[in-house]
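Each chain is listed here by its residues.
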Amino acid sequence: MPAVLLPAAAQDEEKPRWFGPSDGRSTTLAYGIPDSDYVMLHFSCAIGKPVVNVNVQDEESSAEEGAAMHVRLSAGGETVEFSEKARSNEDSGGKDVKGYLPLDDTLRAILTATGELEIVVDGHTQRYDMEGAAEPMAAMIAACDAPKPAGDLDATLTNKAKRPLQSFVWSEAGMNNFEGGDEFDPGPLAPGASWTFTIPDGRKICTYDIAVIFEEEECCSDPLPAGTQNLCKNAEFVVHD
């Protein structure tokens, strides 16, 4: 049968490119095909937080799940590096690695450079043409630099239990409506470690029920109640056994 020729616009829709959606709380810059599972590179920034979340996909990686992977980003004569644990990507058959980088002068220079962005993951080199990245990149950086919403509540969860924590959720005290939550990234929260999180518009409520899931219970357990606290008065919530 003869090949079916798609219109040029439809063909362009199937090509990887830079795009930058926003959900009102964070702004993203990604390289891949919008509205698909094919995203090779992903940057994001929460409004008012000068930290860039970076997720890189390496289709060639044969690293074991949880093994340390080293990432180097270079552009415009500048370089930043980080190492984090490998995560399996079922769609590509390779690995993902996610890091958190402060939006300092070096990273700004890399993200706003023209020409080519080079990313090396455990010796595997990926190169991305930055054409088309300028506008969504500027929007992402603007989100990082914007003032934090006045009603947001920043709090810290500290794990003083003997077991790692996989995730936690919160609800307005007494409402049993655990819709808000967070999963520790890039992995479980070890005993003695802390994690800072933000509850959007949380200062309107202040007092929350907190429930947690320990690492070994992730599969089949509901979150376990960990306590109730006014996080506006005391922004550190401590989890005990």
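Predicted, not measured: the structure shown is a model, and the values here were computed from it.

Student: Describe the overall build of the protein chain, and please don't skip the residues or the numbers.
Tutor: A tally of helices and strands in the protein chain yields three helices and 17 strands. For the protein chain, the C-alpha atoms occupy an extent of roughly 60 × 45 × 40 Å along the three principal directions. Taken over 241 residues, the protein chain has a buried fraction of 39%. Counting only contacts in the protein chain whose residues sit at least 6 apart along the sequence, the fraction spanning at least 24 positions is 58%. As displayed, the protein chain offers around 13,000 Å² of accessible surface, 49% of which is attributable to carbon and sulfur atoms. Here the protein chain contributes 18 positively and 42 negatively charged side chains, and the mean placements of these two sets differ by 7 Å.

Student: Run through the packing of aromatic side chains, naming residues and quoting values.
Tutor: One pass over the full model with this rule turns up six aromatic pairs. Judged by centre distance (5.2 Å) and plane angle (65°), the ring pair of Trp-18 and Tyr-31 falls under edge-to-face. Of this pair, Trp-18 sits in strand 1 (residues 17–19) while Tyr-31 sits in strand 2 (residues 26–32), placing them 13 residues apart in sequence. The exposure classification of Trp-18 matches that of Tyr-31, with both residues buried.

Student: Please give an account of unusual backbone geometry that cites residues and values.
Tutor: In this structure, Asp-35 takes a positive phi of about 60° despite not being glycine. With respect to the helices and strands, Asp-35 occurs in the loop between strand 2 and strand 3 (39–46). We note that Asp-122 has phi near 50°; this positive angle belongs to a residue other than glycine. Turning to its location among the elements, Asp-122 is positioned in the loop between strand 9 (116–121) and strand 10 (124–129). Judged by relative accessible area, which is 37%, Asp-122 ranks as partly exposed.

Student: Residues and numbers for the confidence of the model for the protein chain, please.
Tutor: On average, residues of the protein chain score 87 in pLDDT, and 92% of them reach the 70 mark or higher. Throughout residues 1–11 the model reports pLDDT below 50, and contacts reaching past four residues in sequence, or to other chains, amount to one contact.

Student: An account of the nonpolar core is needed here, citing residue identities and associated values.
Tutor: Core analysis: the biggest nonpolar cluster contains 35 residues, and Trp-18, Phe-43 and Leu-117 have the highest contact counts within it. Membership of the second largest hydrophobic core comes to 19 residues, among which are Leu-157, Ala-161, Tyr-208 and Phe-214.

Student: Summarise the state of the cysteines; cite the residues concerned and give the values.
Tutor: Scanning the entire structure with this criterion turns up two disulfides. Cys-45 shares a disulfide with Cys-144; S-S distance 1.6 Å. The S-S bond linking Cys-45 to Cys-144 shows a torsion near 130°; that makes this disulfide right-handed. Here Cys-45, found in strand 3, pairs with Cys-144, found in helix 3 (residues 134–145); they are 99 residues apart in sequence, far enough to count as distant. Overall, Cys-45 belongs to the buried group, its relative accessible area being 1%. Here Cys-206 pairs with Cys-232 through a disulfide, and the sulfurs are 2.0 Å apart. Across the S-S bond of Cys-206 and Cys-232 the torsion is about -85°, and the bridge reads as left-handed. Of this pair, Cys-206 sits in the loop between strand 14 (194–199) and strand 15 (207–214) while Cys-232 sits in the loop between strand 16 (224–230) and strand 17 (236–239), placing them 26 residues apart in sequence. According to the relative accessible area criterion, Cys-232 is partly exposed, its value standing at 26%.

Here is what the cut-offs are and how they apply
Residues numbered from 1 in each chain as written. Predicted model: local features only at pLDDT ≥ 70, side-chain atom pairs only at ≥ 80, totals over all residues. Heavy atoms only, no water. Helix = DSSP H or I, 4+ residues; strand = E, 2+ residues; numbered from the N terminus. Buried < 20%, exposed > 50% of the residue type's maximum accessible area, 1.4 Å probe, protein only. Contact = heavy atoms within 4.5 Å. Areas by Shrake-Rupley, 256 points an atom, 1.4 Å probe, with all protein chains shown as cover. Lys, Arg positive; Asp, Glu negative; His and termini not counted. Charge placed at Lys NZ, Arg CZ, Asp CG, Glu CD. Phe/Tyr/Trp six-rings, centres within 6.5 Å; stacked < 30°, edge-to-face > 60°. pLDDT = per-residue confidence, 0-100. Core = buried A, V, L, I, M, F, W, Y, C linked by side-chain atoms within 4.5 Å. Disulfide = S-S within 2.5 Å.

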